[in-house]
Amino acid sequence: MHTKTIRKYKSRLLIADSRKPASQLLMANSQQLIWCLLLLFFTMTASAQQYYNVLKYGAKNDSSKLVTDAVKKAIDAAAQAGGGTVYFPAGKYLTGPIHLKSNITIFIEAGAELHFSDNFDHYLPMVKSRYEGVDVTSFSPLFYAYKAENITIKGRGLINGHGKKWWDFVEGYKEGQPRSKWQYMFDDLNKTILLPDDPKQMKRGFLRPPFIQPMYCKNVLIEGITIINSPFWTVNPEFCENVTITGVTINNPHSPNTDGINPESCKYVHISNCHISVGDDCITIKSGKDKPGRAMAMPAENYTITNCTMLSGHGGVVIGSEMSGDVKKITISNCVFDGTDRGIRIKTARGRGGVVEEIRVDNIIMKNIKEQAIVLDMQYAKTQPELVSERTPRLRNIHLSNITASGVKQACYINGLEEMPVENISFNDMNMDAETGFQIKNAANIEMHNLHINTKKGPALKSENVKTLVVDGLKSFTPLPGVAIADLTNTEDAFFYNSFPVSGTEIFLKLSGEQTKGIVLKNNNLRNVKTPVIQDISVKEKVTAF
């Protein structure tokens, strides 16, 4: 850039008006040359001022000593100048927590590795944090910011959380064992916090820190880095606005609660082009847990998730179960799940309260899914029915389309509450090869359009306690002997149309249950079906077919 600037001014010198006297020409050219040199000087000076190389502040890139203080000095210097880039050149750095300030970029060069200490004392003093939807004061996150703006962590380098010691403490913890100094600290700092319905973890008081947790921040960018071995949740923005996470690779081994990307109670979140393989959920959207979450009343809203690949993990993209502050206006598209336990999963339970709504899922490929491709489960924790109140969660207005799944244990599992069914759910244009098909229980206003569900056992669709079911173009290319394509129990107001079962289909529709009524078939080609409808004696109303 500087060379081009000089060349530009040289060209101006050469084309100067040759008709001017030599003395004037020399003076004009000299002035232009001075301005050129001054411009070059100020450009280079400004560029140098923007970067704060941690090596110049006392850091060592051979992992021979902690660089925590050196990094802090570099951040403070940049912040004092109004902002800048704290630069980690190639090498290995041993560090404690890094706290960002407004207008700070952390740039981790290719070949640079940040190795975070596994000495618990290095993450003191404890700071304001959030742990699984409960606001606490606890160990400092590895990267932390509080009420900052315009912060960035980027580069092609690697950050390693060295989480094993943290995992071992939690997995080896036994009720009643002597309390550690860190637990006593936690007790002193959290005497008045609101507790969730199950306060076990808060009572334990040793809460592992998230890897990256900005809180109450605006304009957050995390880009390009590789993250491994997180002690707990990996990328966990809390109460933030305008968050972009792109091109990030996360690799955590089989380990407790090492979710990939968990933006909680944020708004305007953009997640794209990430590659994730972790010990828990790959991407999870949350908004607080039980009474603490409802008290904060900060929803997760306006998220886009696209162009991501996800391998090992309990779920590909998950909402909940901590969703007490509401989750709404979420789009998930153009993703591949290969080897996760579940694909799309929305989970909640009695006691959470809150609502999940206005969710769109489109253009998803799934394969080698160990459990369900799609889950909407309101009984994630098994509890008894109760009166509808602020503790009652809601799942509604959720729409999924253009999904292909193979090597799946179950195509879909929907499980509402007796007192609060899942409602207004649609499925469009899906091809699934699964051991078992769709199972829908305690739901209302369900629509299915152009679904091809091939099962190894059981029906393609099984419903129980469902009201208002629309099924358009349902087909299975692997009909099973003696098994109906659709099996309805205590289902009211179901409308089947535009279905054309393949040759070899023995039963299209099976009905049972005293509450089953209002079943209508229209514009179906059932010529390949041996017995179009089997109706149990418990069903009092005849099927309407035309």
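Computed from a predicted model, the values in this text were never measured in an experiment. (Residues numbered from 1 in each chain as written. Predicted model: local features only at pLDDT ≥ 70, side-chain atom pairs only at ≥ 80, totals over all residues. Heavy atoms only, no water.)

S.K.: Now, about the environment of Met378: what can you tell me, with residues and values included?
M.R.: Its location among the elements puts Met378 in the loop between strand 26 (355-377) and strand 27 (394-415). Take Met378: its relative accessible area is 0%, and that puts it in the buried class. Considered as a pair, Met378 and Glu418 are 40 residues apart in the sequence and their alpha carbons are 10.0 Å apart. Here Met378 is in contact with Thr348, Ala349, Arg350, Pro393, Arg394, Leu395, Asn415, Gly416, Leu417, Met420, Pro421 and Val422, once residues within four sequence places are set aside. (Helix = DSSP H or I, 4+ residues; strand = E, 2+ residues; numbered from the N terminus. Buried < 20%, exposed > 50% of the residue type's maximum accessible area, 1.4 Å probe, protein only. Contact = heavy atoms within 4.5 Å.)

S.K.: Which residues make up helix 5 (residues 181-189), and what are the values?
M.R.: Since one α-helical turn is 3.6 residues long, residues separated by three or four positions face the same way. Trp182, Gln183 and Phe186 are the residues of helix 5 that are buried. Along helix 5, the residues classed as buried sweep out an arc of 100 degrees about the axis, all on the same side. The elements touched by buried residues of helix 5 are strand 9 (134-138), helix 4 (164-171) and helix 6 (200-204). (Arc of directions from axis to C-beta.)

S.K.: Break down the sheet that holds strand 10 (residues 143-146) for me, with residues and values.
M.R.: Hydrogen bonds between backbone groups are what pair the strands of a sheet, and the pairing can be parallel or antiparallel. Judged by pairing direction, the sheet is parallel, and its three strands sit side by side in the order 5-10-13 without closing on themselves. Since the sheet does not close on itself, it has two edges, and those belong to strand 5 (98-99) and strand 13 (212-215), each with one partner. Where strand 10 lies against strand 13, four bridges are found, and the strand directions are parallel. Residue pairing for strand 13: Tyr144 is matched across the bridge by Gln213. (Pairing = 2+ DSSP bridges.)

S.K.: Residue-level account of the nonpolar core, with values.
M.R.: Formed by 134 residues in total, the largest nonpolar core has its most connected members in Phe88, Ile106, Phe143, Ile374, Phe427 and Phe438. Among the elements that take part in this core, strand 28 (residues 422-455) stands out by supplying 13 residues, more than any other. Residue contacts for Phe438: discarding those within four places in its chain leaves Ala411, Cys412, Phe427, Met430, Met432, Met448, Leu451, Ile453, Ala460, Leu461 and Lys462. (Core = buried A, V, L, I, M, F, W, Y, C linked by side-chain atoms within 4.5 Å.)

S.K.: Help me get a handle on the pattern of salt bridges, residues and values and all.
M.R.: Per the counting criterion, the structure on display carries 21 salt bridges. Between Glu322 and Lys286 there is a salt bridge, and its shortest N-O distance comes to 2.4 Å. Taken as a pair, Glu322 in the loop between strand 23 (315-319) and strand 24 (327-338) and Lys286 in the loop between strand 20 (283-285) and helix 7 (290-296) lie far apart in primary sequence, 36 residues in all. Residue Glu322 is classed as buried on the basis of its relative accessible area of 6%. With a relative accessible area of 4%, Lys286 lands in the buried category. (Salt bridge = Lys/Arg side-chain N within 4 Å of Asp/Glu carboxyl O.)

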